[in-house]
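# Structural characterization, general
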Amino acid sequence: MQSLLFEGSAWVDEIQIFPRISFTMQAGSWTCMLGPSGVGKTTILRLIAGLESEIVLDGRIELKEGGRLTGQISLMSQTDNLLPWLNATENVVLGNRLRGEKPNYDKANALIEKVGLTDHRKKKPYALSGGQRQRVALARTLMEERPIVLLDEPFSALDARVRAEMQELAAQHLQGKTILLVTHDPAEAARLGESILVLSMNGVKDVCPPEGAIIRAYDEHTVLACQGQLLRLLRAEA
Amino acid sequence: MKLLTRLILVTVALFLFWHFLVIFADLPKFILPSPFLVMQTFVSNFSLILKHAVVTGSEIILGLLAGTVLGSFTAICLAISPVARTIVRPMMVLSQALPVFALAPLLTLWLGYGLWPKILMALLIIYFPVTSAFFDGLMNTPKGMLDLSRVMNGTPWRIMLNLRIPAAVPGLASGLRLAAVYAPIGAIIGEWVGASEGLGYLMLLANGRAKIDLMFAALIVLVVMTLILHWSIDRLGNSLTARMRP
């Protein structure tokens with residue numbers, strides 16, 4: 001298990017994207033990052049994933065236990081990014097193909113069963129619903145077996161019922177991984193966050209998460225209270 | 001079927017208009033022969049026209065194949081290598097400024113009167129549209145998918161094969177649709193400049209002997225060939241693009 005330290009400020013040429021911030025993603029737990037649009041949440045996630053080419057980090061991103069970040073990370077975003085010409089199973093083994101490995105179909109089918117899509121595994125993405133597509137994306141993420149998982153608002157395009165289901169499914173199957181969930185939904189952060197960060201123009205604020213292990217019930221009063229506190233904080237920071 | 005009915009209706013209307021134009025304007029047959037005379041000529045010269053059509057048809061298809069292979073190869077090289085982009089792209093634009101038609105006499109001079117200069121003409125004329133359409137497709141792979149494949153540590157070639165090329169198929173298909181219409185132009189120009197067979201040669205020959213009816217018969221065969229080619233490539237493109245629907 002790996003903890004990840006992020007420290008620094010981000011720049012494009014001479015323009016500062018966000019001021020110096022610092023936070024740690026604790027090993028094997030969910031870190032939720034909330035904040036208004038345009039504050040740099042996705043930039044942070046892309047910097048960790050090593051995908052930013054224009055925005056430069058003045059600082060460091062490192063594993064507390066040492067070692068390199070490459071090959072440790074998997075990514076899941078709001079758009080499922082399933083390849084439209086491949087069926088569900090083939091999408092799940094995409095990583096194998098891109099690295100030139102032999103596709104491990106047994107493992108892929110086991111994961112597809114885990115996310116409850118066995119009957120749909122031969123279907124192309126257009127034949128699947130939004131929720132089913134995100135399930136395939138989750139199976140694809142699990143297939144990678146990376147210790148660190150970056151989630152960029154993966155559930156925000158789903159309707160409330162499917163979103164709740166997906167949160168539960170993700171919490172169940174991503175257990176033990178070091179997770180950063182970027183979201184704009186205080187309810188999601190209150191349900192899933194084992195550590196909750198609110199990012200604003202002034203920096204990052206650590207908010208005490210509700211008691212209890214995740215995934216928490218959405219109607220528990222501590223969860224609702226935390227949700228309210230987060231929303232108040234978001235409005236105050238705006 | 002509906003398309004076919006419409007096509008037949010339009011063709012019949014055009015032929016009738018043509019027929020009455022000839023009658024009412026009292027045009028001599030060495031200026032504009034009536035469609036019925038053209039049909040008669042077509043039937044009586046069928047084997048002659050067929051022989052020349054086969055030649056032109058092979059020039060077009062070979063030029064189309066060679067141009068597609070070469071154009072796709074160029075597009076992939078350009079998409080892979082930024083160095084190739086800086087060197088080759090200005091050259092490609094320059095080559096477009098050069099009228100391909102002007103090259104036809106040179107090609108005949110260098111390659112003789114056979115099939116090759118015509119295939120090369122067809123190739124040259126479709127090379128740019130194919131390359132450019134496919135290249136644009138290769139450079140517009142959805143960003144999220146590219147990000148994902150990088151995080152998965154895919155190698156550049158495997159990302160090209162498994163993601164960028166399949167995602168660029170609709171681009172290639174639109175390039176090929178253009179190519180299907182351009183390739184016959186290349187072949188005919190090649191034949192006009194110097195040939196001993198082919199529909200272009202036959203048309204030139206018929207024109208020289210004031211056999212305008214034969215010229216029209218050859219022209220109509222050429223149009224039908226081009227339409228069939230365009231239609232088949234369009235079908236192929238549609239079925240390939242259908243696989244890409246999100």
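Residues numbered from 1 in each chain as written. Chains lettered and ligands numbered in written order. Predicted model: local features only at pLDDT ≥ 70, side-chain atom pairs only at ≥ 80, totals over all residues.

Looking only at helices and strands, one finds eleven helices and zero strands in chain B. Secondary structure elements in chain B, listed N-terminal to C-terminal, are α-α-α-α-α-α-α-α-α-α-α. Over its C-alpha atoms, taken along the principal directions, chain B stretches across nearly 75 × 50 × 30 Å. With 246 residues in all, chain B has 38% of them scored as buried. Counting contacts in chain B only where the partners sit at least 6 residues apart, residues at least 24 apart contribute 79% of the total. (Helix = DSSP H or I, 4+ residues; strand = E, 2+ residues; numbered from the N terminus. Buried ≥ 20, exposed ≤ 12 C-beta atoms within 10 Å, placed from the backbone. Contact = placed C-beta atoms within 7 Å.)

Let's shift gears to the pairing of strand β6 (residues 148-152) of chain A. Across a regular strand the side chains alternate sides, sitting on one face of the sheet and then on the other. Residues and elements named next belong to chain A. Among the five residues of β6, five are classified as buried, and the element is accordingly described as predominantly covered. Of the two faces of β6, the one holding Ile 148, Leu 150 and Asp 152 and the one holding Val 149 and Leu 151 are both buried throughout. As paired strands, strand β5 (residues 73-77) and β6 are joined by five bridges and run parallel to one another. By the bridge assignment, Ser 74 is partnered in β6 with Val 149. Sheet analysis places β6 next to strand β7 (residues 178-182), joined by five bridges and oriented parallel. Looking at β7, one finds that Leu 151 is bridged to Leu 181. Read as a crossover between parallel neighbours, the route from β6 over helix α6 (residues 160-173) to β7 is right-handed. (Pairing = 2+ DSSP bridges. Right-handed = clockwise from strand over helix to strand, strands pointing away.)

Residues and elements named next belong to chain B. Contact pair helix α3 (residues 46-80) / helix α6 (residues 116-139): the axes reach a minimum separation of 7 Å and the direction vectors enclose 35°. Along this stretch, α3 crosses α6, giving a crossing that reads as right-handed. Class assignment of the residues belonging to the contact of α3 with α6 gives a composition of 19 nonpolar, seven polar and two charged. (Axes fitted to C-alpha atoms, helices over the stretch in contact; angles between N-to-C directions. Left-handed = near helix turned anticlockwise from the far one by under 90°. Nonpolar A, V, L, I, M, F, W, Y, C, P; charged D, E, K, R; others polar.)

With that settled, consider the interface of chain A and chain B. Contacts between the two partners involve 21 residues from chain A, matched on the other side by 20 residues from chain B. Counting residues per element, the ones that place at least two in the side of chain A that touches chain B are β5 and α3 (94-98) of chain A. Looking at the side of chain A that touches chain B residue by residue, the class counts come to ten nonpolar, eight polar and three charged.

In this section: helix α7 (residues 143-151) of chain B. All buried positions along α7(B) are accounted for by B:Leu148, B:Ser149 and B:Val151. Summarising the axial view, the buried residues of α7(B) lie within an arc of 160°, below the 170-degree limit, and thus occupy one face. The inward-facing, buried residues of α7(B) contact α1 (41-49), β5 and α3 of chain A together with α8 (156-167) of chain B. Downstream of α7(B) by a residue or two, B:Asn153 has a phi angle that is positive, lying close to 60°. (Arc of directions from axis to C-beta.)

Residues and elements named next belong to chain B. Its twelve residues give helix α5 (residues 100-111) an end-to-end C-alpha distance of 16 Å, which sits within 8% of 16 Å, the value for a rise of 1.5 Å per residue. Burial in α5 covers these residues: Val 100, Leu 103, Ala 104, Leu 107 and Thr 108. Each buried residue of α5 sits inside an arc of 145° when the element is viewed along its axis, so together they form one side. What points out from α5, more than 90 degrees from its buried face, is the exposed set Ala 102, Pro 105, Leu 106 and Leu 109. Each element contacted by the buried residues of α5 is listed here: α6 and α9 (169-193). Positive phi shows up at Gly 112, right after α5, with a value of about 85°. (Expected span 1.5 Å × (residues − 1).)

The biggest cluster of nonpolar side chains holds 103 residues, and the ones touching the most others in it are A:Leu150, A:Leu180, B:Met121, B:Ala122, B:Ile126 and B:Ala183. Among the elements that make up this core, the one with the highest residue count is α6(B) (15 residues). Of the domains in this structure, domain 1 (4-72 + 147-237) and domain 2 (82-145) of chain A are the two that each give at least three residues to this core. Not counting residues within four places of it along the chain, the set of residues in contact with B:Ala122 comprises B:Glu59, B:Ile60, B:Gly63, B:Leu64, B:Gly67, B:Ala183, B:Gly186 and B:Ala187. B:Ala195, B:Ala206, B:Met215 and B:Ala217 belong to the second-largest nonpolar core, a separate cluster that totals 16 residues. (Core = buried A, V, L, I, M, F, W, Y, C linked by C-beta atoms within 7 Å. Domains from an automatic or database assignment.)

Time to look at the sheet that holds strand β2 (residues 15-25) of chain A. Residue and element names in this part refer to chain A. Read across the sheet, three strands follow the order β2-β1-β4 without closing on themselves; strand pairing throughout is antiparallel. Two strands lie at the open edges of the sheet, namely β2 and β4 (56-63), each paired on one side alone. When the angles between neighbouring strand axes are averaged without regard to direction, this sheet yields 5°. In this structure, strand β1 (residues 4-12) lies alongside β2, joined through eight bridges in antiparallel fashion. The partner of Phe 6 across the bridge, within β2, is Phe 23. Most of the contacts of α1 go to β1, to which it runs at about 115°, and overall it touches β1, β2 and β4.

All names here are of chain A. Read from one edge of the open sheet, six strands run β5-β6-β7-β3-β8-β9, paired in mixed fashion. Lying at the two open borders of the sheet, with one neighbouring strand each, are β5 and β9 (203-207). Across the sheet, the axes of successive neighbouring strands diverge by a mean angle of 20°, strand direction being ignored. Bridging between strand β8 (residues 195-200) and β9 involves five bridges; their strand directions are antiparallel. Its bridge partner lying in β9, Ile 196 is registered against Val 207.

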